Amino acid sequence: MSGGIDNGMTTVTLRVHRFTPRQERERDRARGGSPFAKKSSPFGGGAARRRPRGKQWVQEYTLPASPQDTVLDCLLAIKRGVDPTLAFRYSCGHGMCGSDAVAINGTPTLLCTATVKDWARRPGAAATADDEGFRRTGDAAEAGSPAPEAEGPEPDGAQDAVGADGSLGVIELSALPGFPVQRDLIADIDPMLDQIRKLKPYLQADGVLATTAEGKVDVFEYLQRPEQLARYEMLSNCIACGVCEGSCPVFAGGDAFIGPAALITASRFINDSRDTATEARLDAIDTADGIAACQSVRACSRECPRGIDVGEEIWQLIAQVKER
Ligand code: SF4
Ligand code: FES
(Lines give C-alpha, C1' and ligand atoms only; values in the text may rest on other atoms or scores of the structure.)
(Ligands and ions follow the chains in the order given, each with its own letter.)
Protein backbone atom coordinates (compact mmCIF):
# COMPACT_ATOMS: atom_id res chain seq x y z
CA MET A 1 0.00 0.00 0.00
CA SER A 2 1.27 3.44 -0.79
CA GLY A 3 0.07 7.01 -1.21
CA GLY A 4 -2.94 8.55 0.50
CA ILE A 5 -6.51 9.60 -0.07
CA ASP A 6 -5.48 13.18 -0.90
CA ASN A 7 -3.14 12.35 -3.78
CA GLY A 8 -5.83 10.67 -5.83
CA MET A 9 -5.34 7.13 -4.64
CA THR A 10 -8.37 4.92 -4.46
CA THR A 11 -9.89 3.86 -1.16
CA VAL A 12 -11.75 0.89 0.21
CA THR A 13 -14.08 0.62 3.20
CA LEU A 14 -13.85 -2.43 5.42
CA ARG A 15 -17.04 -3.08 7.39
CA VAL A 16 -15.92 -5.32 10.22
CA HIS A 17 -18.23 -7.29 12.52
CA ARG A 18 -16.42 -6.94 15.80
CA PHE A 19 -16.77 -8.87 19.03
CA THR A 20 -15.22 -8.48 22.45
CA PRO A 21 -15.87 -11.34 24.87
CA ARG A 22 -17.30 -10.51 28.26
CA GLN A 23 -14.81 -10.78 31.07
CA GLU A 24 -15.12 -14.01 32.99
CA ARG A 25 -16.97 -13.29 36.22
CA GLU A 26 -15.20 -13.68 39.50
CA ARG A 27 -17.79 -16.25 40.50
CA ASP A 28 -17.08 -18.38 37.43
CA ARG A 29 -13.35 -18.09 37.98
CA ALA A 30 -13.67 -19.32 41.53
CA ARG A 31 -15.86 -22.21 40.41
CA GLY A 32 -13.30 -23.18 37.76
CA GLY A 33 -10.94 -24.40 40.45
CA SER A 34 -13.60 -26.32 42.35
CA PRO A 35 -14.13 -30.08 42.07
CA PHE A 36 -17.84 -29.22 41.74
CA ALA A 37 -17.23 -26.99 38.72
CA LYS A 38 -19.64 -27.62 35.87
CA LYS A 39 -18.11 -29.92 33.28
CA SER A 40 -18.72 -29.78 29.55
CA SER A 41 -21.62 -31.63 27.96
CA PRO A 42 -21.48 -35.45 28.13
CA PHE A 43 -22.41 -35.42 24.45
CA GLY A 44 -19.09 -33.84 23.48
CA GLY A 45 -18.23 -30.45 22.03
CA GLY A 46 -19.49 -28.71 25.17
CA ALA A 47 -17.23 -25.88 26.11
CA ALA A 48 -15.65 -25.65 22.67
CA ARG A 49 -18.96 -25.03 20.87
CA ARG A 50 -20.52 -22.90 23.58
CA ARG A 51 -21.64 -19.53 22.35
CA PRO A 52 -19.41 -16.84 23.85
CA ARG A 53 -21.02 -13.75 25.25
CA GLY A 54 -19.79 -10.24 24.82
CA LYS A 55 -20.14 -6.95 23.03
CA GLN A 56 -20.87 -6.99 19.30
CA TRP A 57 -20.80 -4.07 16.93
CA VAL A 58 -20.01 -3.20 13.33
CA GLN A 59 -17.12 -0.83 12.66
CA GLU A 60 -16.17 0.78 9.36
CA TYR A 61 -12.65 1.72 8.32
CA THR A 62 -11.98 3.67 5.12
CA LEU A 63 -8.37 3.58 4.01
CA PRO A 64 -6.22 4.09 0.92
CA ALA A 65 -5.96 0.90 -1.09
CA SER A 66 -5.12 -0.39 -4.54
CA PRO A 67 -7.26 -2.95 -6.33
CA GLN A 68 -4.39 -5.46 -6.10
CA ASP A 69 -4.06 -5.17 -2.32
CA THR A 70 -5.20 -8.16 -0.35
CA VAL A 71 -7.77 -7.82 2.40
CA LEU A 72 -5.01 -8.89 4.79
CA ASP A 73 -2.90 -5.91 3.58
CA CYS A 74 -5.81 -3.62 4.45
CA LEU A 75 -6.28 -5.12 7.91
CA LEU A 76 -2.57 -4.82 8.65
CA ALA A 77 -2.65 -1.15 7.60
CA ILE A 78 -5.56 -0.58 10.00
CA LYS A 79 -3.86 -2.49 12.79
CA ARG A 80 -0.57 -0.61 12.39
CA GLY A 81 -1.85 2.88 11.75
CA VAL A 82 -5.48 3.27 12.76
CA ASP A 83 -6.81 0.83 15.32
CA PRO A 84 -4.45 -1.52 17.17
CA THR A 85 -7.41 -3.13 18.96
CA LEU A 86 -8.70 -4.84 15.81
CA ALA A 87 -8.07 -8.58 16.16
CA PHE A 88 -7.46 -11.04 13.32
CA ARG A 89 -5.18 -14.01 12.81
CA TYR A 90 -2.66 -14.74 10.06
CA SER A 91 0.73 -16.31 9.68
CA CYS A 92 2.27 -17.15 6.30
CA GLY A 93 0.56 -14.42 4.27
CA HIS A 94 0.39 -16.49 1.08
CA GLY A 95 -2.23 -19.21 1.36
CA MET A 96 -0.14 -21.93 2.98
CA CYS A 97 -0.99 -22.01 6.70
CA GLY A 98 -4.78 -21.66 6.71
CA SER A 99 -4.85 -19.54 9.86
CA ASP A 100 -6.67 -16.52 8.41
CA ALA A 101 -9.99 -17.94 7.26
CA VAL A 102 -12.88 -15.51 7.77
CA ALA A 103 -16.15 -14.70 6.03
CA ILE A 104 -15.73 -12.02 3.36
CA ASN A 105 -19.07 -10.69 2.16
CA GLY A 106 -20.51 -13.79 3.84
CA THR A 107 -18.29 -16.27 1.99
CA PRO A 108 -15.66 -18.24 3.90
CA THR A 109 -12.22 -17.58 2.40
CA LEU A 110 -8.64 -16.61 3.29
CA LEU A 111 -7.74 -12.99 4.03
CA CYS A 112 -4.31 -13.27 2.42
CA THR A 113 -5.49 -14.44 -0.99
CA ALA A 114 -8.60 -12.24 -1.25
CA THR A 115 -7.92 -9.05 -3.18
CA VAL A 116 -9.74 -5.75 -2.95
CA LYS A 117 -10.58 -5.83 -6.65
CA ASP A 118 -12.28 -9.21 -6.28
CA TRP A 119 -14.29 -8.46 -3.17
CA ALA A 120 -15.01 -4.71 -2.96
CA ARG A 121 -18.68 -4.07 -3.61
CA ARG A 122 -19.75 -0.72 -4.96
CA PRO A 123 -22.55 0.80 -2.87
CA GLY A 124 -25.86 0.27 -4.61
CA ALA A 125 -24.47 -2.39 -6.95
CA ALA A 126 -26.73 -5.38 -7.41
CA ALA A 127 -25.69 -8.46 -5.50
CA THR A 128 -23.99 -11.05 -7.66
CA ALA A 129 -26.08 -14.11 -8.25
CA ASP A 130 -24.97 -17.40 -6.85
CA ASP A 131 -24.90 -19.38 -10.06
CA GLU A 132 -25.05 -22.72 -8.29
CA GLY A 133 -27.86 -21.76 -5.99
CA PHE A 134 -26.04 -22.48 -2.73
CA ARG A 135 -27.16 -20.86 0.44
CA ARG A 136 -24.05 -19.30 1.93
CA THR A 137 -23.60 -19.68 5.66
CA GLY A 138 -22.96 -15.98 6.15
CA ASP A 139 -23.73 -16.10 9.82
CA ALA A 140 -21.38 -13.85 11.75
CA ALA A 141 -20.59 -16.93 13.79
CA GLU A 142 -22.15 -18.14 16.94
CA ALA A 143 -21.61 -14.91 18.77
CA GLY A 144 -24.88 -13.93 17.19
CA SER A 145 -23.75 -10.99 15.07
CA PRO A 146 -26.16 -10.06 12.31
CA ALA A 147 -25.34 -12.08 9.21
CA PRO A 148 -23.83 -10.06 6.37
CA GLU A 149 -25.36 -10.61 2.98
CA ALA A 150 -23.75 -13.63 1.37
CA GLU A 151 -21.93 -12.68 -1.76
CA GLY A 152 -18.99 -13.93 -3.80
CA PRO A 153 -16.37 -11.94 -5.68
CA GLU A 154 -17.57 -9.33 -8.14
CA PRO A 155 -17.85 -10.64 -11.68
CA ASP A 156 -15.11 -9.62 -14.16
CA GLY A 157 -15.38 -5.99 -15.08
CA ALA A 158 -17.31 -4.89 -12.02
CA GLN A 159 -14.10 -4.59 -10.06
CA ASP A 160 -12.87 -1.86 -12.40
CA ALA A 161 -15.61 0.49 -11.24
CA VAL A 162 -14.28 3.29 -9.07
CA GLY A 163 -16.66 5.82 -7.58
CA ALA A 164 -16.30 9.56 -8.20
CA ASP A 165 -14.93 9.78 -4.68
CA GLY A 166 -12.20 7.27 -5.55
CA SER A 167 -13.87 4.51 -3.60
CA LEU A 168 -13.37 0.93 -4.75
CA GLY A 169 -16.31 -0.09 -2.59
CA VAL A 170 -17.09 -1.87 0.64
CA ILE A 171 -15.87 -5.25 1.92
CA GLU A 172 -17.77 -6.88 4.76
CA LEU A 173 -15.80 -9.04 7.18
CA SER A 174 -16.87 -11.35 9.96
CA ALA A 175 -15.40 -14.33 11.76
CA LEU A 176 -15.51 -17.76 10.12
CA PRO A 177 -19.08 -19.08 10.33
CA GLY A 178 -19.79 -22.31 12.17
CA PHE A 179 -17.28 -21.65 14.96
CA PRO A 180 -17.47 -19.69 18.22
CA VAL A 181 -15.92 -16.24 17.90
CA GLN A 182 -13.01 -15.52 20.21
CA ARG A 183 -12.54 -11.86 19.31
CA ASP A 184 -13.38 -9.79 16.20
CA LEU A 185 -12.28 -11.90 13.19
CA ILE A 186 -10.71 -14.70 15.22
CA ALA A 187 -12.78 -17.87 15.39
CA ASP A 188 -12.06 -20.72 17.77
CA ILE A 189 -11.19 -23.60 15.43
CA ASP A 190 -10.53 -26.09 18.23
CA PRO A 191 -13.77 -28.00 17.50
CA MET A 192 -12.44 -28.75 14.00
CA LEU A 193 -8.96 -29.69 15.24
CA ASP A 194 -10.48 -31.98 17.88
CA GLN A 195 -12.49 -33.81 15.23
CA ILE A 196 -9.43 -34.15 12.99
CA ARG A 197 -7.41 -35.50 15.93
CA LYS A 198 -10.09 -38.11 16.64
CA LEU A 199 -9.52 -39.63 13.21
CA LYS A 200 -5.78 -40.17 13.83
CA PRO A 201 -4.26 -37.87 11.20
CA TYR A 202 -1.00 -39.75 10.81
CA LEU A 203 0.25 -42.75 8.90
CA GLN A 204 -0.47 -46.07 10.58
CA ALA A 205 1.65 -48.73 8.97
CA ASP A 206 2.72 -52.14 10.22
CA GLY A 207 6.25 -53.32 9.76
CA VAL A 208 7.87 -49.94 9.24
CA LEU A 209 10.29 -50.49 12.07
CA ALA A 210 12.50 -53.52 12.60
CA THR A 211 15.46 -54.35 14.74
CA THR A 212 18.66 -55.35 13.01
CA ALA A 213 20.90 -58.23 14.15
CA GLU A 214 23.02 -55.61 15.92
CA GLY A 215 19.99 -54.44 17.89
CA LYS A 216 19.62 -51.17 15.99
CA VAL A 217 16.30 -49.78 14.83
CA ASP A 218 15.87 -50.03 11.11
CA VAL A 219 13.28 -48.02 9.21
CA PHE A 220 12.06 -49.43 5.95
CA GLU A 221 11.58 -47.22 2.98
CA TYR A 222 8.10 -47.35 1.49
CA LEU A 223 8.01 -47.07 -2.25
CA GLN A 224 4.90 -45.98 -4.10
CA ARG A 225 4.06 -45.88 -7.75
CA PRO A 226 3.02 -42.48 -9.16
CA GLU A 227 -0.58 -43.66 -9.50
CA GLN A 228 -0.65 -44.63 -5.80
CA LEU A 229 0.67 -41.22 -4.83
CA ALA A 230 -1.88 -39.56 -7.10
CA ARG A 231 -4.74 -41.11 -5.09
CA TYR A 232 -4.04 -38.95 -2.04
CA GLU A 233 -1.52 -36.28 -3.07
CA MET A 234 -4.15 -33.59 -3.58
CA LEU A 235 -5.78 -34.44 -0.25
CA SER A 236 -2.47 -34.04 1.56
CA ASN A 237 -2.53 -30.37 0.53
CA CYS A 238 -5.33 -29.65 3.02
CA ILE A 239 -4.20 -26.87 5.37
CA ALA A 240 -7.05 -27.29 7.89
CA CYS A 241 -8.19 -23.74 7.27
CA GLY A 242 -11.82 -24.55 8.06
CA VAL A 243 -13.21 -22.81 4.96
CA CYS A 244 -15.11 -25.97 3.99
CA GLU A 245 -16.50 -26.26 7.51
CA GLY A 246 -17.56 -22.62 7.52
CA SER A 247 -19.39 -23.25 4.24
CA CYS A 248 -21.18 -26.37 5.47
CA PRO A 249 -24.70 -25.74 6.80
CA VAL A 250 -24.68 -29.09 8.65
CA PHE A 251 -21.40 -28.41 10.46
CA ALA A 252 -22.66 -24.96 11.42
CA GLY A 253 -25.49 -26.68 13.25
CA GLY A 254 -23.26 -27.94 16.07
CA ASP A 255 -21.87 -31.30 17.08
CA ALA A 256 -24.09 -33.35 14.76
CA PHE A 257 -21.42 -33.58 12.05
CA ILE A 258 -17.73 -34.34 12.37
CA GLY A 259 -17.17 -31.92 9.49
CA PRO A 260 -15.70 -31.98 5.99
CA ALA A 261 -12.13 -31.15 7.05
CA ALA A 262 -11.98 -34.19 9.33
CA LEU A 263 -13.37 -36.39 6.57
CA ILE A 264 -10.75 -35.08 4.15
CA THR A 265 -8.08 -36.06 6.68
CA ALA A 266 -9.57 -39.57 6.91
CA SER A 267 -9.72 -39.83 3.14
CA ARG A 268 -6.08 -38.78 2.79
CA PHE A 269 -4.97 -41.85 4.78
CA ILE A 270 -7.65 -44.24 3.51
CA ASN A 271 -6.31 -43.56 0.01
CA ASP A 272 -2.67 -44.01 1.00
CA SER A 273 -1.45 -47.46 -0.02
CA ARG A 274 1.07 -47.48 2.85
CA ASP A 275 -1.57 -47.10 5.57
CA THR A 276 -2.74 -50.38 7.11
CA ALA A 277 -5.61 -49.02 9.22
CA THR A 278 -8.13 -48.59 6.42
CA GLU A 279 -10.87 -50.71 8.02
CA ALA A 280 -10.55 -48.94 11.36
CA ARG A 281 -10.61 -45.58 9.58
CA LEU A 282 -13.75 -46.51 7.66
CA ASP A 283 -15.35 -47.69 10.92
CA ALA A 284 -14.47 -44.37 12.55
CA ILE A 285 -16.36 -42.37 9.92
CA ASP A 286 -19.24 -44.84 9.56
CA THR A 287 -21.12 -43.16 12.38
CA ALA A 288 -24.18 -40.97 12.87
CA ASP A 289 -22.00 -37.87 13.09
CA GLY A 290 -19.67 -39.11 10.33
CA ILE A 291 -20.59 -39.69 6.70
CA ALA A 292 -24.22 -40.36 7.67
CA ALA A 293 -24.57 -36.70 8.69
CA CYS A 294 -23.37 -35.34 5.34
CA GLN A 295 -26.30 -34.02 3.35
CA SER A 296 -24.28 -33.70 0.11
CA VAL A 297 -24.94 -29.97 -0.12
CA ARG A 298 -21.42 -29.67 -1.58
CA ALA A 299 -20.99 -26.08 -0.47
CA CYS A 300 -17.70 -27.35 1.00
CA SER A 301 -16.19 -27.73 -2.46
CA ARG A 302 -16.72 -24.19 -3.61
CA GLU A 303 -14.09 -22.15 -1.80
CA CYS A 304 -11.37 -24.65 -0.79
CA PRO A 305 -8.14 -22.64 -1.22
CA ARG A 306 -6.23 -25.82 -2.06
CA GLY A 307 -8.58 -26.78 -4.86
CA ILE A 308 -9.85 -29.94 -3.20
CA ASP A 309 -13.28 -31.06 -4.38
CA VAL A 310 -14.33 -31.75 -0.81
CA GLY A 311 -17.90 -32.82 -1.61
CA GLU A 312 -16.74 -35.31 -4.22
CA GLU A 313 -14.16 -36.80 -1.85
CA ILE A 314 -16.82 -37.25 0.83
CA TRP A 315 -19.06 -38.87 -1.77
CA GLN A 316 -16.24 -41.33 -2.58
CA LEU A 317 -15.88 -42.10 1.13
CA ILE A 318 -19.60 -42.80 1.41
CA ALA A 319 -19.31 -45.22 -1.52
CA GLN A 320 -16.30 -46.96 0.06
CA VAL A 321 -18.10 -47.40 3.39
CA LYS A 322 -21.27 -48.71 1.72
CA GLU A 323 -19.37 -51.16 -0.50
CA ARG A 324 -17.64 -52.93 2.36
S1 SF4 B 1 -10.37 -29.28 2.57
FE2 SF4 B 1 -9.80 -27.24 1.73
S3 SF4 B 1 -11.27 -25.82 2.69
FE4 SF4 B 1 -11.33 -27.72 3.91
S5 SF4 B 1 -9.87 -27.40 5.58
FE6 SF4 B 1 -8.75 -28.44 3.90
S7 SF4 B 1 -7.83 -26.77 2.69
FE8 SF4 B 1 -9.39 -25.83 4.00
S1 FES C 1 -1.94 -16.21 6.31
FE2 FES C 1 -1.42 -18.30 5.94
S3 FES C 1 -3.00 -18.96 4.60
FE4 FES C 1 -3.40 -16.83 4.81
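Below, the structure is looked at part by part. (Residues numbered from 1 in each chain as written. Chains lettered and ligands numbered in written order. Predicted model: local features only at pLDDT ≥ 70, side-chain atom pairs only at ≥ 80, totals over all residues. Heavy atoms only, no water.)

## What to know about the packing of aromatic side chains
What counts is decided by this rule: Side-chain rings of Phe, Tyr and Trp (the six-membered ring for Trp) are treated as a pair once their centres are within 6.5 Å; stacked means planes under 30 degrees apart, edge-to-face means over 60, and tilted covers the remaining angles. Numbered from the N terminus, helices here are DSSP runs of H or I no shorter than four residues, and strands are runs of E no shorter than two. To sit over a ring, a charge needs its Lys NZ or Arg CZ within 6 Å of the ring centre and within 35 degrees of the ring normal.
Summed over the entire model, instances satisfying the criterion amount to two aromatic pairs. Arranged with centres 5.3 Å apart and planes meeting at 50°, the rings of F179 and F251 form a pair that is tilted. Taken together, the residues span a long stretch of sequence, with F179 in the loop between strand 5 (167-175) and strand 6 (181-183) and F251 in the loop between helix 6 (243-247) and helix 7 (260-270) at a distance of 72 residues. When the ring centre of W57 is taken as origin, the NZ or CZ atom of K55, which lies over that ring, is 4.5 Å away. The cationic tip of R268 hangs over the ring face of F269; the distance from NZ or CZ to the ring centre is 4.2 Å.

## Some remarks on the pairing of strand 4 (residues 107-110)
Note the cut-off: Whether a residue is buried, partly exposed or exposed follows from its accessible area with a 1.4 Å probe, protein chains only, as a fraction of its type maximum: under 20%, in between, or over 50%, in that order. Strand pairing is assigned whenever DSSP detects at least two bridges linking the two strands.
What you see with strand 4 is no split at all: T107 and T109 on one side and P108 and L110 on the other are buried throughout. When strand 3 (residues 101-104) meets strand 4, the two strands line up antiparallel, connected through four bridges. In the strand pairing of strand 4, A101 is matched with L110. Connecting the antiparallel pair strand 3 and strand 4 is a turn made up of two residues, with N105 showing a positive phi of about 50°.

## Focus: unusual backbone geometry
Here D184, not a glycine, exhibits a phi torsion of approximately 45°, which is positive. Tracing the chain through its elements places D184 in the loop between strand 6 and strand 7 (186-187). Exposure remark for D184: the relative accessible area of 2% places this residue in the buried category. One non-glycine residue, R298, adopts positive backbone phi at about 70°. By the secondary structure assignment, R298 is in the loop between helix 8 (278-285) and helix 9 (310-322). The exposure class assigned to R298 is partly exposed, which follows from its relative accessible area of 29%.

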